Structures are given as structure tokens and as C-alpha cells.
Amino acid sequence: MRYLVTARVKPGRRQALDTAIDTVTLGAGSVAGDEYLHNMSQARALPDGTVKWVETCFCATPLDEERPYWEAYFDLVNVKDAHARSKCRHENGTEYWACSNCDCTERLECRLRTMGEPFRQRR
């Protein structure tokens, strides 16, 4: 399933987050692998101080695996379905792991790219 994540960097944690991204250690030890780095490369910093990105997650509870890694740096404000669960091939059982190569959130991701500025440019 794909989720639209809205978060705020915790006070005093931006430098540690940037270091974890720069040293490719963000998410180290997680089964989600490079997803954390990909998410941060696509994340958008919005004028209200939030950061948004689309995340792929196969956990029964949204971001169950990823949450501890994100919460080291972010306060998660909102995590919601990025598209209809009934149309998600993984969720409806027609194609397990389909989210890995799915383009179901392409329109949403295109719209996000027009919002705010790239998170990694904002330092």
C-alpha cells in the first residue's frame, strides 16, 4: 500500500537526519532497505514547516516497520492512504508485492513535486 506521510522534523534533529542521509545509514537494519533514502530524495518541504512524501509499506499496520526509524527524526503528523485500498493490487490480493513497481500514486507524486521545495535542498 502507498501512504501519504506528513511529518515535522523534531527540534534539533535536522543535522542528525542529514548526516544519516549523507552517510547512507538512514533506515539501516530495516527490511525496507533503501526506501528511506528514496523517500527523502522525493520529500517536499512545505511553507508550514511540514514535510510530505509518498511511502510504500507492506505492513498490516501502516508504517509499522518504518515508524521507529522515522520517529527518531520526525514527529509524524498524518499517515493516510495515498489511493483507494480497493484498487491496490497488493491489498485486494490480485498481485502481492505489486506496490514495488506500481504507478498508482503517480498523479499524487507529480502534484507533490509542485508543492513547496525539495526537502534536501532546504538546510
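Remember, predicted model here, so these are calculated numbers, not experimental data.

Draft legend 1. Representation of the pattern of salt bridges. Under the definition given, this model contains 5 salt bridges. Close ionic contact of Arg 2 with Glu 109 constitutes a salt bridge, the shortest N to O distance being 3.9 Å. A residue pair is termed long-range when its members are at least 10 positions apart, and Arg 2 in strand S1 (residues 2-9) and Glu 109 in helix H4 (residues 106-112) qualify at 107 residues.

Draft legend 2. Representation of the packing of aromatic side chains. By the definition in use, this model includes 6 aromatic pairs. With 5.3 Å between their ring centres and 50° between their planes, Tyr 36 and Tyr 69 make a pair best called tilted. Remark: Tyr 69 occurs in helix H3 (residues 67-71) and Tyr 36 occurs in helix H2 (residues 35-42); sequence separation between them is 33 residues. Here the aromatic rings of Trp 53 and Phe 74 are separated by 5.2 Å at their centres, their planes lie at 55°, and the arrangement is tilted.

Draft legend 3. Highlighting unusual backbone geometry. With a phi angle near 55°, Val 24 is a residue other than glycine that sits in the positive phi range. Structurally, Val 24 is set in the loop between helix H1 (14-22) and H2. The backbone of Leu 63 sits at a positive phi, close to 60°, despite the residue not being glycine. For Leu 63, the location among the structural elements is in the loop between strand S3 (51-56) and H3. Of the residues examined, Leu 63 reaches a relative accessible area of 0% and is grouped as buried.

Conventions adopted
Residues numbered from 1 in each chain as written. Predicted model: local features only at pLDDT ≥ 70, side-chain atom pairs only at ≥ 80, totals over all residues. Heavy atoms only, no water. Salt bridge = Lys/Arg side-chain N within 4 Å of Asp/Glu carboxyl O. Helix = DSSP H or I, 4+ residues; strand = E, 2+ residues; numbered from the N terminus. Phe/Tyr/Trp six-rings, centres within 6.5 Å; stacked < 30°, edge-to-face > 60°. Buried < 20%, exposed > 50% of the residue type's maximum accessible area, 1.4 Å probe, protein only.

In short, shape yes, function no, at least from these values alone.
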